[in-house]
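Architecture at a glance
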Amino acid sequence: MADEYRFSFGPWNVHEGADPFGPVVRPTIGFGKKLKYYKQLGFDGVQFHDDDAVPDLDEKSDGEMEKTAREVRAMLDGEGLLAEFVAPRLWESPLGVDGGFTSNDPASRKWAVGRLKRTATIANILGAEFIVLWLAREGTYIRESKNALDAHRHLLDAINELLEFDKKMQIAIEPKPNEPMDHAYIPTIGHALALASQTVDPSRVGGLIETAHAILAGLDPSDEMAFALSMGKLWSVHLNDQNGLKFDEDKTFGAANLRGAYNQVRVLELGGYPQSGRFVGLDVKAMRTQPAELATGHLSNSRTIFLKLVEKVRTFPKDVESQCIANRDYEALELAVIEHLLGG
Ligand code: 3MF
Ligand code: MG
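On a predicted model such as this, the values are computed, not experimentally measured, just so you know.

Rules used throughout
- Residues numbered from 1 in each chain as written.
- Chains lettered and ligands numbered in written order.
- Predicted model: local features only at pLDDT ≥ 70, side-chain atom pairs only at ≥ 80, totals over all residues.
- Heavy atoms only, no water.
- Donors = N, O, S within 2.8 Å, 3.2 Å for Na, K, Ca; no water.
- Helix = DSSP H or I, 4+ residues; strand = E, 2+ residues; numbered from the N terminus.
- Buried < 20%, exposed > 50% of the residue type's maximum accessible area, 1.4 Å probe, protein only.
- Expected span 1.5 Å × (residues − 1).
- Contact = heavy atoms within 4.5 Å.
- Polar contact = N/O pair within 3.5 Å; in protein donor to acceptor, adjacent residues only side chain to side chain.
- Core = buried A, V, L, I, M, F, W, Y, C linked by side-chain atoms within 4.5 Å.
- Pairing = 2+ DSSP bridges.
- Axes fitted to C-alpha atoms, helices over the stretch in contact; angles between N-to-C directions.
- Near = heavy atom within 4 Å.
- Areas by Shrake-Rupley, 256 points an atom, 1.4 Å probe, with all protein chains shown as cover.
- Nonpolar A, V, L, I, M, F, W, Y, C, P; charged D, E, K, R; others polar.
- Salt bridge = Lys/Arg side-chain N within 4 Å of Asp/Glu carboxyl O.
- Parallel < 35°, antiparallel > 145°, perpendicular 65-115°, else oblique.

1. Side note on the coordination of the magnesium ion (ligand 2)
- Here the magnesium ion (ligand 2) is held by the protein donor atoms Glu174 (OE), Glu210 (OE), His238 (ND1) and Asp283 (OD), which lie 1.9 to 2.3 Å from it.
- All donor residues of the magnesium ion (ligand 2) come from one chain, and their arrangement in sequence is E-x35-E-x27-H-x44-D. Placement of Glu210 in strand S8 (residues 205–210) and of His238 in strand S9 (residues 234–239) is noted, with a sequence separation of 28 residues between them. Considered together, Glu210 and His238 belong to a single accessibility category, that of buried residues.

Below is the structure:
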């Protein structure tokens, strides 16, 4: 099983523990050292923000950007790692304070589309086949601050501009309903794929589904994944867990809702996800309480739990399942699932 699935994470998943209410609690680990962790923890793919690959991107010329990206590519090759995707990080710049693509300020919108194109260039150099668009600040704190119709048109225009700029690059939209904004545009995979269908090349626009984001939208992550899988549009996942409607916790996969995690693995198996060659991304965060020397367990534990759940899915008695379904006895089916998960 471990060799059927490929796993990835981003450098931001090994982090110093700062949160909105307190500073860092662990020392910073350099990118080169983080790369060494990947294979040790059982991972083959690296997810990037554009400025994870090229720090201070806005201050760099195209030539400087490409040189840095080539150096990162050499580091990846040296470690035997693959770049899965690159995502433009628009939410940290003052220019993106009110969003990039949907900002009311035309200068911000222009900058955001420019960053999207630069992200494609970086992705090509790193060998990543797609860009991820997490639309962090593309939303509002108060409804009256933007014209939502214009905002959606601006999003479509930005994606089209990228598809025209780079005729091969693909885009996976990572929907999230809120945080950092009160409400974000494109809150679910349904919105993302509807937007995709309106672009100049729908075949190059798909989705990445994060467990916590779906739960924050009040939806079942496994159904969100199944929806995308049924259309051949699940291009990556950010598996993690989330204990109800609160801030985006990025907990270890399966740690809050083991049965929910089982069902996510079940639809990935039903949808032939491992055969697609796509990565299982784990967008998990270590608890702030975790000592520095123990701050990667959330990644290896998430992978271990995932693989144990693959085994649970594959060993669930199919005859019991079909008998319960034939009898329409979902009470019995439920007990069988719970007993199977409990190992009894
Ligand atoms: C925010 C996220 C992000 C995105 C990442 C790539 C920090 O809730 O999940 O992770 O996944 O920026 O798009
Ligand atoms: Mg994510």
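2. Considerations on the environment of Ala148
- Within the secondary structure layout, Ala148 lies in helix H5 (residues 148–165).
- On a C-alpha basis, the gap between Ala148 and Thr102 in space is 8.7 Å, while along the polypeptide they are 46 residues apart.

3. A closer look at H5
- The terminal C-alpha atoms of H5, which comprises 18 residues, lie 26 Å apart, in line with the 26 Å expected from a rise of 1.5 Å per residue.
- Within the sequence span of H5, burial applies to Ala151, Leu155, Leu156, Ala158, Ile159, Asn160, Leu162 and Leu163.
- On its buried face, H5 is in contact with helix H4 (106–126), strand S4 (130–134), strand S6 (170–174), helix H6 (189–197) and S8.
- One side-chain oxygen at the N-terminal end of H5 lies 2.9 Å from the backbone nitrogen of Leu149; it belongs to Asn147.

4. What to know about the nonpolar core
- Formed by 83 residues in total, the largest nonpolar core has its most connected members in Phe48, Phe101, Ile122, Ile173, Leu234 and Phe306.
- If one sorts the elements of this core by residue count, H4 sits on top with 9 residues.
- With residues near it in sequence (within four places) discarded, Phe101 still touches Leu90, Arg109, Ala112, Val113, Leu116, Leu133, Leu135, Glu138, His154, Leu155 and Ala158.
- One finds Trp12, Phe85, Ala172 and Trp235 within the second-largest nonpolar core, a separate group that totals 8 residues.

5. Description of the sheet that holds S6
- Pairing is parallel around the closed barrel formed by 8 strands, whose spatial order is S1-S2-S3-S4-S6-S8-S9-S10. Recorded for the sheet is a direction-independent mean angle of 30° between the axes of neighbouring strands.
- The sheet contact formed by strand S2 (residues 45–49) and strand S3 (residues 82–87) spans 5 bridges and is parallel. Bridging across to S3, Gln47 finds its partner in Phe85.
- In this fold H4 packs onto S2, S3 and S4, with an angle of close to 180° to the strand it touches most, S3.

6. Comments concerning the site of ligand 1
- Lining the immediate surroundings of ligand 1 are 13 residues, of which His49, Glu174, Glu210, His213 and Asp248 lie closest.
- Within the side chain of Glu210, one N or O atom sits 2.8 Å away from an oxygen atom of ligand 1.
- At 2.9 Å, a side-chain N or O of Asp283 approaches an oxygen atom of ligand 1.
- In the complex, 93% of the free accessible area of ligand 1, which totals 350 Å², lies under the protein chains.
- Residue composition of the shell around ligand 1, grouped by class: 5 nonpolar, 3 polar and 5 charged.

7. Digging into the pattern of salt bridges
- Taken as a whole and judged by the stated rule, the model has 20 salt bridges.
- In this structure, the salt-bridge partner of Glu71 is Lys67, at a minimum N-O distance of 3.2 Å. Taken together, the positions of Glu71 and Lys67, both in helix H3 (residues 62–79) and 4 residues apart, correspond to about one turn of that helix.
- Two residues, Lys167 and Glu164, come together in a salt bridge whose shortest N-O distance is 2.9 Å.
- Counted as one network, the salt bridges with shared partners bring together Glu4, Glu269 and Arg314.

8. Things to note about the side chain of Thr188
- Relative to the elements of secondary structure, Thr188 occurs in the loop between strand S7 (183–184) and H6.
- According to the relative accessible area criterion, Thr188 is buried, its value standing at 14%.
- Engagement of the side chain of Thr188 in a polar contact is seen with the backbone nitrogen of Gly190, the distance being 3.3 Å.
- Not counting the four nearest positions on each side in its chain, Thr188 is found in contact with Pro175, Ala217, Leu219 and Glu224.

9. Notes on the packing of helix H8 (residues 221–230) against helix H9 (residues 258–270)
- Following both chains from N to C, one finds H8 and H9 inclined at 10°, their axes separated by 8 Å at the closest point. The orientation of H8 with respect to H9, classified from their angle, is roughly parallel. Here Pro221, Ser222, Met225, Ala226 and Leu229 of H8 come into contact with H9, specifically with Asn263, Gln264, Val267 and Leu268.
- Across the contact of H8 with H9, the residue classes tally to 6 nonpolar, 3 polar and no charged.

10. So, the pairing of S9
- Summarising burial for S9: 6 of the 6 residues are buried, a large majority.
- Across 4 bridges, S8 lies against S9 in parallel orientation. Following the sheet pairing, Gly207 is matched in S9 by Leu234.
- Where S9 lies against strand S10 (residues 279–282), 3 bridges are found, and the strand directions are parallel. Paired with Leu239 across the strands is Leu282, a residue of S10.

Such coordinate-based values are descriptive only and should not be taken to indicate function.
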